[in-house]
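Spelled out from the first residue to the last, the chains are:
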Amino acid sequence: MNRLDKKQLLVFLLLCLPFFGWAQNPARYNYVVELDTAKHYLNVELTYNPKDTKELILKMPVWAPGYYLIMDFPKHLTDFAVQTIDGKEIAWRKEGKNAWIIPNTNGQTLKVTYRIYANARSVADSRVESHTAFIAPNGVFMYAEGEKNEPIEVTYILPENWQNASSGLKVKGNANGKHRTFIANDFDILYDSPVLLGNHLVKKFIHEGHEYEFALETPEGFEESPFEDDFRKMVTASSQMMGHVPYDNYCLIHLGRGPGGLEHSNSQACYTSGTFRFPNQKSYLNYMAFTTHEYFHLYNVKAIRPIELGPFDYDKEVHTPTLWIGEGFTVYYETQLLLRAGIIDKEYLLTDLSGYIRDTETTEGHRHMSLRQSSYDIWLNFFNRAANGNDVRISYYIKGPVMGLLFDIRLRELTQGKKSLDDLMRLLYNRYYLKENRGFTEEEFWTSAKEIAGAPLPLLRKYVDTTAEIDYDKMLAPAGLRLNKSTWKLETIPSMSSLQEKIHTDMFGK
Ligand SMILES: [Zn+2]
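Description of the structure in this document. On a predicted model such as this, the values are computed, not experimentally measured, just so you know.

The secondary structure content of the protein chain amounts to 15 helices and 22 strands. By the compact-globule yardstick of 24 Å for 510 residues, the protein chain fits well, its C-alpha radius of gyration being 25 Å. Each principal axis of the C-alpha atoms in the protein chain carries an extent, and together these give about 80 × 50 × 45 Å. Split into buried and exposed, the 510 residues of the protein chain put 41% on the buried side. Long-range contacts, defined here as pairs at least 24 residues apart, represent 71% of the contacts in the protein chain between residues at least 6 apart.

If you want it as structure tokens, here you go:
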């Protein structure tokens, strides 16, 4: 950060003071981040006022929620220093891989500075380039231990000629100047809110009373594509299903060519194929399913969530036996929502589901690992490319949607077509998220499912908790389906009872 920028920032911050009510809700943490675009660094300065004089422990997460892998973010950190506000050096020491101890603060306001190397293409890593910067906050910002639930302000100083700063976070002050300030009520929100800076395309719109921002790093072909229309239809299908929208604003950050997407409570960050000009309709629909997946996660895994997943322990792995619900049911709902939105047809949906059944049944690992175990051990296997993987493991991304289908059918069968998996999702959302503001335990999930079904679900539980082979004939028939085991295709039973007919039509359309 050069001296001129600092002076300008101070004037800017002082000018903002009377307008934005700092007196009512002052941030405990004030971050200023400058970009070194030539060398791919984020230069970070934290101004922090300790509550008392005792030892201060600053911490940086070692992982990012949704990305179930120890990332060891502090490995990208260099040049850590602590000073008083008038420039006097203060002693500190490192403890473990992600804690910085300042033994004696004397209660003085501290200025903490460090640099983060940001040069990786993944949705959990920051990337600073000549034309753009993607900020993955877990690897950038530190919190004081015991004070994670305090307000934070982050001001980015944009390089010359950069225009845009996009995030799901609330903006404070001038939304157009060189300094862009975002605010978060606590670190769970800050860490859940990636930021895109640069000259990316920004498209803002209101849909059903909520604000949306598309931030597109590589927008080629966007204007001619049906993406925005289809996204709106999918959002409507989701809110109709859940009966509630839990955000004021939603930011869709789609990055250039690269791997993976990550869900957030009111945003998503996805690497893409780098263009909206798709070679064929199927690849467009795959892209729609991908963005739908990350979107629907705001309900399922962010709001409806295993109890272990939020508030978060950022220091170590957080094992949960029920991630198959968060991931597997979200995959199941990709095509359900696109069907309800009128974007895909019944044939596309059945082909998609057939693929998950085929992949489950032809992966030897399904005989050796249960879905429950697959959830629990994801920390060992997230990027485990060992050659024997398919022989011994099953992914919740493939067996999970199969169980979504079987749950949906069984709940409809047991309630004579009156209830479905939608009802279970709504119950979990309303009871544990809206009413109790917490995640659910494994037993609470099964009790809730039993409540919707009006009967226990021992067979479904067996298929989740063990490696027992699924009896597809028995499980699929109530929806008027059968599995052709030579082609792995789902086929429609020619003559159905009226209940089968109803369930089939309710699930897949005519
Ligand atoms: Zn997912």
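Across the six residues that make up strand β11 (residues 152-157), a large majority, five, are buried. Bridge analysis of strand β1 (residues 29-36) against β11 gives six bridges, and the strand direction is parallel. Across the sheet, the residue bridging to valine 32 is threonine 155, located in β11.

Of note, isoleucine 452 is situated in helix α12 (residues 442-453). Taking C-alpha positions, isoleucine 452 is 28 Å from histidine 264, a pair spaced 188 residues apart along the chain. Leaving out residues up to four positions away in the same chain, isoleucine 452 has contacts with Leu411, Lys419, Asp423, Leu424 and Leu427.

Attention now goes to the environment of arginine 180. With respect to the helices, strands and loops of the structure, arginine 180 is situated in strand β14 (residues 179-184). Spatially, the C-alpha atom of arginine 180 lies 9.9 Å from that of valine 33, the residues being 147 residues apart in sequence. The contact partners of arginine 180, leaving out residues within four places of it in the chain, are Thr155, Tyr156, Leu158 and Ala165.

Moving on, we come to the nonpolar core. If you look at soluble globular proteins, the nonpolar side chains tend to sit buried side by side. Formed by 66 residues in total, the largest nonpolar core has its most connected members in Tyr31, Leu42, Val44 and Ile152. Counting the residues that make up this core, at least three belong to each of domain 1 (3-199) and domain 2 (208-279). With residues up to four places along the chain from it excluded, the contact list for tyrosine 31 reads Val44, Leu46, Phe141, Ile152, Glu153, Val154 and Thr155. Core analysis: the next-biggest nonpolar cluster, separate from the first, contains 64 residues, Ile378, Val402, Ile409 and Leu481 among them.

What follows deals with unusual backbone geometry. Here the residue pair glycine 310 and proline 311 is connected by a cis peptide bond, since its omega of -5° sits within 30 degrees of zero. At valine 301, a residue that is not glycine, the phi angle is positive and equals roughly 120°. Here valine 301 lies in the loop between α4 (281-296) and α5 (323-340). Look at tryptophan 488: it is not a glycine, yet its phi comes out positive at around 60°. With respect to the element layout, tryptophan 488 can be found in the loop between β21 (481-484) and β22 (489-492). Given 16 C-beta atoms within 10 Å, tryptophan 488 falls into the partly exposed group.

Another point: α4. Taking 1.5 Å of rise per residue, 16 residues should cover 22 Å, and α4 covers 22 Å from first to last C-alpha, within 8% of that figure. Every buried residue of α4 is accounted for by Leu285, Met288, Thr291, Thr292, His293, Glu294, Tyr295 and Phe296. Where α4 is buried, its residues contact α3 (227-242), β19 (261-263), β20 (267-272), α5 and α6 (346-361).

For α5, built from 18 residues, the straight-helix expectation of 26 Å at 1.5 Å per residue is met to within 8% by its first-to-last C-alpha distance of 25 Å. Tyrosine 333 marks the point of greatest bend in α5, at about 30°. Counting buried positions over the 18 residues of α5 gives 16, a clear majority of the element.

Taken together, the four strands give an open sheet; going across it, the order is β5-β6-β3-β10, and neighbouring strands pair in antiparallel fashion. Two strands bound the open sheet, and with one partner strand each, they are β5 (93-95) and β10 (143-144).

Sheet architecture is open: four strands sit in the order β8-β9-β15-β12, paired in antiparallel fashion. Each end of this open sheet is capped by a strand with a single partner; those strands are β8 (127-128) and β12 (164-167). Of the strand pairs in this sheet, β12 and strand β15 (residues 195-198) are connected by four bridges, and their pairing is antiparallel. Bridged to serine 167 within β15 is valine 195.

What counts and what doesn't
- Residues numbered from 1 in each chain as written.
- Predicted model: local features only at pLDDT ≥ 70, side-chain atom pairs only at ≥ 80, totals over all residues.
- Helix = DSSP H or I, 4+ residues; strand = E, 2+ residues; numbered from the N terminus.
- Rg over C-alpha atoms; globule rule 2.2 N^0.38 Å.
- Buried ≥ 20, exposed ≤ 12 C-beta atoms within 10 Å, placed from the backbone.
- Contact = placed C-beta atoms within 7 Å.
- Pairing = 2+ DSSP bridges.
- Core = buried A, V, L, I, M, F, W, Y, C linked by C-beta atoms within 7 Å.
- Domains from an automatic or database assignment.
- Expected span 1.5 Å × (residues − 1).
- Bend = angle between axes of the 7 residues up to and from the residue.

It is worth stressing that arrangement in space is one thing and function is another; only the former is reported here.
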